[in-house]
Amino acid sequence: MKKIEAIIRKSKYRVVKDALHEVGVNFFSYWDVTGIGNEKEGHVYRGVSYSTSDIQRRHLAIVVNDEFEEITIKTIIEAASTGEVGDGKIFVSDINDAYRIRTGEKGGETLN
């Protein structure tokens, strides 16, 4: 099993979510995060300059069986990409085990 964590633009969340559902990834957690990245631009609104060094993003946490790793990553990249700085990052780590609390089941079957 793999844990795929993606940090994406908030504006791309709906597109990514729908694309993940289309390839069979139907369960994941998400939350809003703020981070600091390579985006160095500031914005001016009504003559006042605002820093954009603190970037609002959405963090997705997805646990999939090994056979879904590649398609999940490919789907996120295709759906979240704008080609501009600030599109986000994806991190992949191994998951040793999973348990379904309701039944006590163990392993990859708990992800279905």
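None of these values were measured; they are calculated from a predicted model.

1. Considering the sheet that holds strand β2 (residues 29-36)
Turning to step 1, where the next piece is worked out: Strands sit in the order β2-β5-β1-β6 across an open sheet of four strands; the sheet is antiparallel. Only two strands of the sheet have a single partner each, and these edge strands are β2 and β6 (88-94). Sheet twist, expressed as the average angle between the axes of neighbouring strands with direction ignored, equals 25°.
Turning to step 2, where the next piece is worked out: Across the sheet, helix α1 (residues 13-22) touches β1 (2-9), β2 and β5 (54-64), and the angle it forms with β5 is around 10°.

2. With respect to the nonpolar core
Turning to step 1, where the next piece is worked out: Core analysis: the largest hydrophobic core is formed by 16 residues, its most contacted members being Ile8, Val16, Leu20, Leu60, Ile62 and Ile76.
Turning to step 2, where the next piece is worked out: Looking at this core, the elements that each hand over two or more residues are β1, α1, β5 and α2 (69-80).
Turning to step 3, where the next piece is worked out: With sequence-adjacent residues up to four places away left out, Ile62 is seen in contact with Lys2, Lys3, Ile4, Leu20, Val25, Phe27, Phe28, Thr72 and Ile76.

3. Comments concerning the pairing of β1
Turning to step 1, where the next piece is worked out: As defined by bridge partners, β1 adjoins β5 across eight bridges and the pair is classed as antiparallel. Note on β5: the bridge partner recorded for Arg9 is Arg57.
Turning to step 2, where the next piece is worked out: Sheet topology note: the β1/β6 ladder contains seven bridges and is antiparallel. From the neighbouring strand, Ala6 faces β6, where its bridge partner is Ile90.

4. Some words on the environment of Val25
Turning to step 1, where the next piece is worked out: For Val25, the location among the structural elements is in the loop between α1 and β2.
Turning to step 2, where the next piece is worked out: The spacing of Val25 and Thr72 is 47 residues in sequence and 7.4 Å in space, taken between C-alpha atoms.
Turning to step 3, where the next piece is worked out: Setting aside chain neighbours within four positions, we find Val25 in contact with Leu20, Ile62, Val64, Phe68 and Thr72.

5. A word on the packing of α1 against α2
Turning to step 1, where the next piece is worked out: Contact geometry of α1 with α2 gives a least axis separation of 9 Å together with a crossing angle of 145°. Classified by chirality, the crossing of α2 by α1 is right-handed. Seen from α1, the contacting residues are Val15, Val16, Ala19 and Leu20; seen from α2, they are Thr72, Thr75, Ile76, Ala79 and Ala80.
Turning to step 2, where the next piece is worked out: Grouping the amino acids of the contact of α1 with α2 by side-chain chemistry returns seven nonpolar, two polar and no charged.

6. Thoughts on the packing of aromatic side chains
Turning to step 1, where the next piece is worked out: Considering all chains together, one arrives at one aromatic pair under this definition.
Turning to step 2, where the next piece is worked out: Ring centres of Tyr13 and Tyr30 lie 4.7 Å apart, and the angle between their planes is 40°; this geometry places the pair in the tilted category. With Tyr13 in helix α1 and Tyr30 in strand β2, this residue pair connects regions lying 17 residues apart in the sequence.
Turning to step 3, where the next piece is worked out: A relative accessible area of 10% places Tyr13 in the buried class.
Turning to step 4, where the next piece is worked out: A residue is classified by how much of its surface remains accessible, and Tyr30, at 43% relative accessible area, is partly exposed.
Turning to step 5, where the next piece is worked out: The cationic tip of Arg58 hangs over the ring face of Tyr13; the distance from NZ or CZ to the ring centre is 4.7 Å.

7. As for the environment of Asn65
Turning to step 1, where the next piece is worked out: Looking at where Asn65 falls in the secondary structure, it is placed in the loop between β5 and α2.
Turning to step 2, where the next piece is worked out: Taking the C-alpha atoms as reference, Asn65 lies 4.4 Å from Met1; in sequence the two are 64 residues apart.
Turning to step 3, where the next piece is worked out: Once residues within four sequence positions are removed from consideration, Asn65 is found in contact with Met1, Gly108, Leu111 and Asn112.

Reading the values: the criteria
Residues numbered from 1 in each chain as written. Predicted model: local features only at pLDDT ≥ 70, side-chain atom pairs only at ≥ 80, totals over all residues. Heavy atoms only, no water. Pairing = 2+ DSSP bridges. Helix = DSSP H or I, 4+ residues; strand = E, 2+ residues; numbered from the N terminus. Axes fitted to C-alpha atoms, helices over the stretch in contact; angles between N-to-C directions. Contact = heavy atoms within 4.5 Å. Core = buried A, V, L, I, M, F, W, Y, C linked by side-chain atoms within 4.5 Å. Buried < 20%, exposed > 50% of the residue type's maximum accessible area, 1.4 Å probe, protein only. Left-handed = near helix turned anticlockwise from the far one by under 90°. Nonpolar A, V, L, I, M, F, W, Y, C, P; charged D, E, K, R; others polar. Phe/Tyr/Trp six-rings, centres within 6.5 Å; stacked < 30°, edge-to-face > 60°. Lys NZ or Arg CZ within 6 Å of the ring centre and 35° of its normal.

Everything listed is a geometric property; what it means functionally is a separate question.
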